[in-house]
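Observations on chain architecture
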Amino acid sequence: MSSEVADSAEAPALAPAADPGFLQRFGGSIEYILIPGAALLAALAVFGGFVALFGKNPLDLYFYMYQGAFGTWFSWQNTLTRAAPLILTALCTALPAQLGMVIIGGEGALLIGALSATAAALMLSSAPPLVVQLAMVCAGMIGGGLWIMLAGGLRQYRGVNETISSLLLVYIALAVLNHLVEGAMRDPASLNKPSTREIGAVNMIGSIPGTDVHWGLVFGLVAAVAAYVLIYHTVFGFAARVAGGNVRAARIVGLDVGRLVLTVCFIAGACAGLAGMVEVAAVQGRANANLAAGYGFTGILVAFLARQNPLAIIPVAVLLGGISASGGLLQRRLGLPDASVLVLQGIIFVAVLGSDALYGRLRFLKAGS
Amino acid sequence: MADGTIGLWTVPLAVFGGAIRVSTPFLFVSLGECITERSGRINLGLEGTLVMGAMSAYGISYLTGSPWLGVLAAGIAGALLGALHAGICSLPRVNDIAVGIALMLFGTGLAFYLGKPLIEPTAPRLPAIDFGWWSDIAQVRAALRINVLFLLGLVLAPLLYWAFRTTRWGLLIRTAGESSDAARAMGYSVLAIRLRATMVGGFLAGIGGSFLSLFYPGSWNEGLSSGQGITAVALVIFARWDPMLCLWASLAFGGAAALGPALQSVGVTSGYHLFNAAPYILTLAIMIITCSPKRTLTGAPAELSITR
């Protein structure tokens, strides 16, 4: 960690070469790339030291991570497939963050979304595929949206801390999933692993032509761009950011803060619910406990690393998707446990939050001072 | 009765026994979090600390053969994670809630990583004191086998209550939590006080984790803790930052968490997963009832970021 910090501190020597006008205009944006980037490198360095403690060569680690994430077309497809739900679950944290709320229950909304989408597909099993798929999208988004809206509503109208309530709702969602999958919705033929009936091959959303990457990636990209436009280029988004900055000021100018909170939380949950729908309709084909794969929790990290900016979420989700895609290769080639991806994610998260202290302190980015 | 079966009485008895058995991790985590939050900082990472504590306790107990060394190791691991939390939070403009979430992921990941080789072997477990010797009924005896850690927690709660009111350290922690300016004016470093409070909180949460792997359920696996840590953090809020109320709330939670297994033992299996979610539903329900958007909670430390 310290080496990268030292790098940024030594950099002023290079600064005079840069055009001060350029720095004045873009210094702030550069900061938003440089600091999380440095934190990421620092985290990779710490993780390299960590695996070195267990007798593995860090250079091998970096090589296999690159190979497993971006080395071949196959690993790229694996990475992008994992990035799709991460974009959507990250939006579940990033959108409420505009209102100053810390929602960490994306995993719960994903599970409820997946469950609602499966239920919709099973109910409409004789309808044409397009109708079934549309119904799944709607059901998934509504299910997930209501789930997070519950956390938002409790915060707004009962003063219940939304961070804790949204996390509790994850465990409740998991219980609801297990309850239905082993009870009312269980396919009697699924013996070892209780699951619902399959939604049927014709109803699966399939892959983008020419790739093995499913359409969920496009859903994610569209959602991220739409969220960006909503937050930064609409009156609604402006109102949300005003309320996030200062609730009292928002009330004075006549904004209905309660409605803002509920709407934003609904949209956020709908994104995570859509991720659940995608996992069912493009990967699993049915609902079972496999759905709780931790995309919701990694999404929190993606949102924080992207500094809650919907557009920045896209590259960060690809990066984190790459890290999780490389987990298999690390397991096979280096004999690292599958939890090593979790450790690295934890280190990255800690490093990124610690790097918050650096904003506005990099002297070489302040032109003329 | 004669053949040792007690029919439906099994359920309340198992809930009672469960309240004592299951409540211990809740109790230790909530007492630890109580100390941390009283100093004006919230550590949501105790979920990770709990898992890390469970893993370290199991590992050390297996390697040394002494479960008590395992408990100590769990405490130290927890204190180190607490120090990491406090260290990052002392940097300017760092949000303690976010750091807590990060450490929740980090602690769990690290425990899973280091704990991989520990899933197979069996480590020596903590002893229990048999308070049920007077009874012939197996269920009564099972319910009254009480672990020493629970008794320790039972003593710790009133001790902390007393310490917060009367000792110098208790006053300092409360001052840091109520007004960091006042503590600073008295010449104390708020960051140093919070560092120690977070480390002690982590130490206790680690011990809570050691109970999970060394007594009940009594083995190490990756599904060991499912939200007990975060539930305990929520529990502190409706216990109004009062150690004695933390004790009663933990007991209530233990009882709620024991409901599912207890009902299963008498053949009610239909809502098993829903009954397992009882502690989370209970937490949410109590938070809904006791919180209010109009006023800050009574007893809340004024410096705490979630109540400000």
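Procedures and definitions
- Residues numbered from 1 in each chain as written.
- Chains lettered and ligands numbered in written order.
- Predicted model: local features only at pLDDT ≥ 70, side-chain atom pairs only at ≥ 80, totals over all residues.
- Contact = placed C-beta atoms within 7 Å.
- Helix = DSSP H or I, 4+ residues; strand = E, 2+ residues; numbered from the N terminus.
- Nonpolar A, V, L, I, M, F, W, Y, C, P; charged D, E, K, R; others polar.
- Domains from an automatic or database assignment.
- Axes fitted to C-alpha atoms, helices over the stretch in contact; angles between N-to-C directions.
- Parallel < 35°, antiparallel > 145°, perpendicular 65-115°, else oblique.
- Core = buried A, V, L, I, M, F, W, Y, C linked by C-beta atoms within 7 Å.
- Buried ≥ 20, exposed ≤ 12 C-beta atoms within 10 Å, placed from the backbone.

**Observations concerning the interface of chain A and chain B**
The interface of chain A with chain B comprises 39 residues on the first partner and 41 residues on the second. Counting residues per element, the ones that place at least two in the side of chain A that touches chain B are helix 6 (129-158), helix 7 (162-182), helix 12 (295-305) and helix 15 (340-354) of chain A. The element that contributes the greatest number of residues to the side of chain A that touches chain B is helix 7 of chain A, accounting for eleven residues. A per-class count over the side of chain A that touches chain B returns 25 nonpolar, eleven polar and three charged.

**What to know about the domain arrangement of chain A**
One frequently used descriptor of interface size is the decrease in accessible area upon assembly of the parts. Residues and elements named next belong to chain A. Entries for chain A in the domain assignment read domain 1 (1-56 + 338-369) and domain 2 (78-335). Contacts between domain 1 and domain 2 engage twelve residues on the former and eleven residues on the latter. Elements with a contribution of two residues or more to the side of domain 1 that touches domain 2: helix 2 (20-53) and helix 15. Here the element with the most residues in the side of domain 1 that touches domain 2 is helix 15; it accounts for eight residues.

**Focus on unusual backbone geometry**
For the peptide bond that leads from Y216 of chain B to P217 of chain B, omega is 0°, which places it in the cis range. At R307 of chain A, a position not held by glycine, the phi torsion is positive, near 50°. With respect to the helices, strands and loops of the structure, R307 of chain A is situated in the loop between helix 12 and helix 13 (310-325). Even without glycine at this site, W241 of chain B takes up a positive phi of about 60°. Inspection of the secondary structure assignment puts W241 of chain B in the loop between helix 10 (228-238) and helix 11 (243-265).

**Considering the packing of helix 3 (residues 58-71) of chain A against helix 4 (residues 73-97) of chain A**
Residue and element names in this part refer to chain A. Close contact between helix 3 and helix 4 brings their axes to 6 Å; oriented N to C, the two are set at 75°. The orientation of helix 3 with respect to helix 4, classified from their angle, is roughly perpendicular. Touching Q67, G68, A69, F70 and G71 of helix 3 are S75, W76 and T79, all from helix 4. Its residues assigned to classes, the contact of helix 3 with helix 4 shows three nonpolar, five polar and no charged.

**Comments concerning the nonpolar core**
All names here are of chain A. Formed by 233 residues in total, the largest nonpolar core has its most connected members in I87, L91 and I313. Among the domains, domain 1 (1-56 + 338-369) and domain 2 (78-335) are the pair contributing at least three residues each to this core. With sequence-adjacent residues up to four places away left out, I87 is seen in contact with G220, A223, A224, I313, I314 and A317.

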